[in-house]
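Summary of the model geometry
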Amino acid sequence: MKGLEKQSGARSGPDRARPAPQGGRDTPTLGPGAILSVRNLTLRIAATPILDDVSVDLNAGEVLGIVGESGSGKSMTALAIMGLLPKQAHASGQIMLEGRDILPLPDRAKQAIRGQEIAMIFQEPMTALNPLHSIGDQVAETVRLHTRASRAEARARARDVLDRVGLSGPRFPLTKYPHELSGGQRQRVLIAMAIALRPKVLIADEPTTALDVTTQAEVLSLLTRLVEEDGMGLILITHDLAVVANIAQHIAIMEQGRIVEAGKVDTVFARQDHPYTRKLFAASAHQPDRTMARGDTPVLEVRDLVRDYALPRKHLFAKQEHFRAVNGVSFTLRQGENLGLVGESGCGKSTLARAILGLEPVQGGDIHLNGARVTDGMTFAQRRGIGVVFQDPYGSFNPRHKVGRLVAEPFHLLDDPPGRAERRERVADALRDVGLHADDMDKYIHAFSGGQRQRIAIARALVIRPSVIVLDEAVSALDVSIRAQILDLLAELSAIHTLSYLFISHDLSVVRAITDRVLVMKDGEIVEEGATERLFTSPEHRYTRTLLAASPRLPDRGQTDAP
């Protein structure tokens, strides 16, 4: 692929007119080596327009990044290429795979193509993998579905391909199950399943969203190597412009089902011709306005905290062994301060957070909240002082309850909970504080977008008026524009209510934007701490430097090689 074919003309969708795409004027048309060519793909589901005149090209050995916010049509474009559209979908246009239009093929013919010629890596590996089958069986199943290989031959192929993605035996035998692997290792299993038959086209849909920065860098490096070795084309679907900048040669930016700007990565990044492109770049580099003066009063003090987990006994009479997840951690969070906590998956961040919230016992050390010792458990009155916002807002809510009841849940922590009228008034105030409406309390959670759900989660944390809020990966699943809005909201709420935040994240750009100080955690210990800008510009510990080096960065506009 020399690039993406320019979108031309301002075509009107069934219900709305959109401006003509910009920024694709220098992108050449399909070359002789094209593997995949999508032409004028238009899609609707029932009467709802989804895609409008989408055209992209892909050549062997190249990476195409498709970028846009949630609902822009990225994943539906991928599902159309895979032939996995719902029954109510009606698609027109062409999807040419090596010169053959596969869009009108019957389902049986598309099944033969999936896995063998076009493969896909999905976002959530634990959902995509079968927890009841071993990793060897799941990779071998892909081989047996599309070839006449015997069971032994398929398992031999599974062993080879798992070795290729870095899961070599004997540490990773074919008999291991998904729950025995880390998130990054499970993602490697999905990659192994996808490349088992050496497909011509590989589609990766947000393959690194839930991974920490070092694991993300490893997975992206693996995908790049496989593209080079196998000569396949990779379509990388993501909302992270920095990831695309690091590994893709070409980019297509989608808004409301249409490609609004496309071309070489350097060219698009330098020009940013379309207003939507500029909006995405501005959101990616967004810095909230944080003007509140911070005090010296400690609101949360942690001293020499220890958390041990009992390991399974090797046999009935074996000595009980323990794994130390948190080892002597100490820090102080002051009034109005935002404190970041970063580190790889498994370093102990979330375990530390659960211990602070009183959700797990500790084996040593002290926790003081607003001056009161809460190490051995919090009273109801003390629990009022701390709130929490989790990573997955939908998973943390009961979908059978209306928003009013969901936001009011923390009231049961109070010694004297408010009556019905006052409760509704305080829930309404909390919803207004986060930019929603009071009448939203009478709706169900499924009626809201991902960003709105996270606002509701913040309202639930606010409703009992805490002094500290723990945010555990609270924006990692949000696209860049919604993330910028939530960061602004958090900064505003901190100023209004004098809130202190413990901000846990693997996204270092977010931590840099929202925090005053940062703690770096490795193997259950704090290995470095300091003022945010000092730590990012002059890290002292080798592990901190490793994290920063692994984090993808957007190039400055002046650094791109625009023609």
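Residues numbered from 1 in each chain as written. Predicted model: local features only at pLDDT ≥ 70, side-chain atom pairs only at ≥ 80, totals over all residues. Heavy atoms only, no water.

1. Comments concerning the domain arrangement of the protein chain
Note the following rule: Where each domain begins and ends follows an automated or database-derived domain assignment. Any two residues having at least one pair of non-hydrogen atoms within 4.5 Å are treated as being in contact. The term buried area denotes the loss of accessible surface (1.4 Å probe radius) that occurs when two parts are joined, taken as the sum for both partners.
With domains assigned, the protein chain is organised as domain 1 (34-285) and domain 2 (298-550). Just the C-alpha atoms count here: the centres of domain 1 and domain 2 sit 33 Å apart. On the domain 2 side, the residues contacting the 14 residues of domain 1 number 16 residues. Summed over both sides, the interface between domain 1 and domain 2 buries roughly 1300 Å², with carbon and sulfur atoms accounting for 55% of that surface.

2. Quick notes on the packing of aromatic side chains
This is how it is decided: Any pair of Phe, Tyr and Trp rings, taking the six-membered ring for Trp, is counted once the centres come within 6.5 Å. Such a pair is stacked with planes under 30 degrees apart, edge-to-face with planes over 60 apart, and tilted for the rest. Numbering goes from the N terminus for both helices and strands, where a helix is a DSSP run of H or I of at least four residues and a strand is a run of E of at least two. Partly exposed describes any residue whose relative accessible area lies between the buried limit of under 20% and the exposed limit of over 50%, with all areas from a 1.4 Å probe on protein chains only and scaled to the type maximum.
Applying the stated criterion across every chain, the model contains one aromatic pair. Ring geometry for Phe269 versus Phe281: centroids 4.8 Å apart, planes at 90 degrees, classification edge-to-face. With Phe269 in helix H9 (residues 265-271) and Phe281 in helix H10 (residues 275-284), this pair connects stretches of sequence that are twelve residues apart. Note on accessibility: Phe269 and Phe281 belong to one class, buried.

3. Quick word on the pairing of strand E19 (residues 517-522)
Looking down a regular strand, the side chains alternate between one sheet face and the other. The condition is simple: Think of it this way: DSSP has to see at least two bridges between two strands before they count as a pair.
Counting buried positions along E19 yields five of six residues, so the element is predominantly enclosed. In this sheet, E19 lies alongside strand E13 (residues 338-342) in parallel orientation, the contact comprising four bridges. Bridging from a neighbouring strand, Leu339 pairs with Arg517 of E19. Bridge count for E19 against strand E20 (residues 525-531) is six bridges, and the pairing is antiparallel. Each bridged residue has a counterpart across the sheet, and for Met521 the counterpart in E20 is Ile526.

4. A word on helix H5 (residues 151-164)
Short version of the rule: Given a helix with a known number of residues, its expected span is that number minus one, times 1.5 Å.
Its 14 residues place the ends of H5 20 Å apart at the C-alpha level, agreeing with the 20 Å of an ideal helix rising 1.5 Å per residue. All of the buried residues along H5 are Ala154, Ala158, Arg159, Val161, Leu162 and Arg164. Here the buried face of H5 lies against helix H4 (135-146), helix H6 (183-195) and helix H7 (213-230). At the C-terminal side of H5, Gly166 shows a positive phi close to 90 degrees.

5. Focus on the sheet that holds strand E15 (residues 372-373)
To be explicit about the condition: Axis definition: a line fit to C-alpha positions, over the contact stretch in the case of helices; interaxial angles, taken between N-to-C directions, run 0 to 180 degrees.
With respect to topology, four strands assemble into an open sheet ordered E12-E11-E14-E15, the strand pairing being antiparallel. Where the open sheet ends on each side, the last strands, each with one partner, are strand E12 (322-334) and E15. Summarising the sheet, strand E11 (residues 298-310) and E12 pair through ten bridges and their orientation is antiparallel. Considered in E12, the bridge of Asp308 is made with Arg324. Against the sheet, helix H11 (residues 349-356) touches E11, E12 and strand E14 (364-369), its axis set at about 115 degrees to E11.

6. Observations regarding the environment of Gln216
Quick note on the threshold: Here a polar contact is taken to be a pair of N or O atoms separated by no more than 3.5 Å, where protein atoms must pair a possible hydrogen donor with a possible acceptor and residues adjacent in sequence count only if both atoms sit in side chains.
Position of Gln216 relative to the elements: it lies in helix H7. As for Gln216 and Gln187, which are separated by 29 residues in sequence, their C-alpha atoms are 10.0 Å apart. At a separation of 3.1 Å, a polar atom in the side chain of Gln216 contacts the side chain of Thr208.

7. As for H10
Residues three or four positions apart in an α-helix share a direction because the helix packs 3.6 residues into each turn. Just so we agree on the cut-off: The directions considered for the arc are those from the helix axis to the C-beta atoms.
Turning to H10, its buried residues number three or more, namely Tyr276, Thr277, Leu280, Phe281, Ala283 and Ser284. The arc that holds the buried residues of H10, viewed along the axis, is 165 degrees, so those residues lie on one side. Against strand E3 (63-67), helix H8 (241-247), strand E9 (250-255), strand E10 (258-264), H9 and helix H16 (480-497) lie the buried residues of H10.

8. Structural notes on the pattern of salt bridges
The condition is simple: The salt bridge criterion pairs a side-chain nitrogen of Lys or Arg with a carboxyl oxygen of Asp or Glu, the two atoms within 4 Å.
Counted under the stated rule, the structure contains 30 salt bridges. Note that Glu422 is salt-bridged to Arg426, the shortest N-O span being 3.8 Å. Of the two residues, Glu422 and Arg426 both sit in helix H14 (residues 420-433), four residues apart, roughly one turn of that helix. You can call Arg426 buried: its relative accessible area is 13%. Note that Glu533 and Arg512 form a salt bridge whose closest N and O atoms lie 2.9 Å from each other. Taken together, the residues span a long stretch of sequence, with Glu533 in helix H18 (residues 532-537) and Arg512 in helix H17 (residues 508-514) at a distance of 21 residues. Among the residues examined, Glu533 registers a relative accessible area of 43% and is labelled partly exposed.

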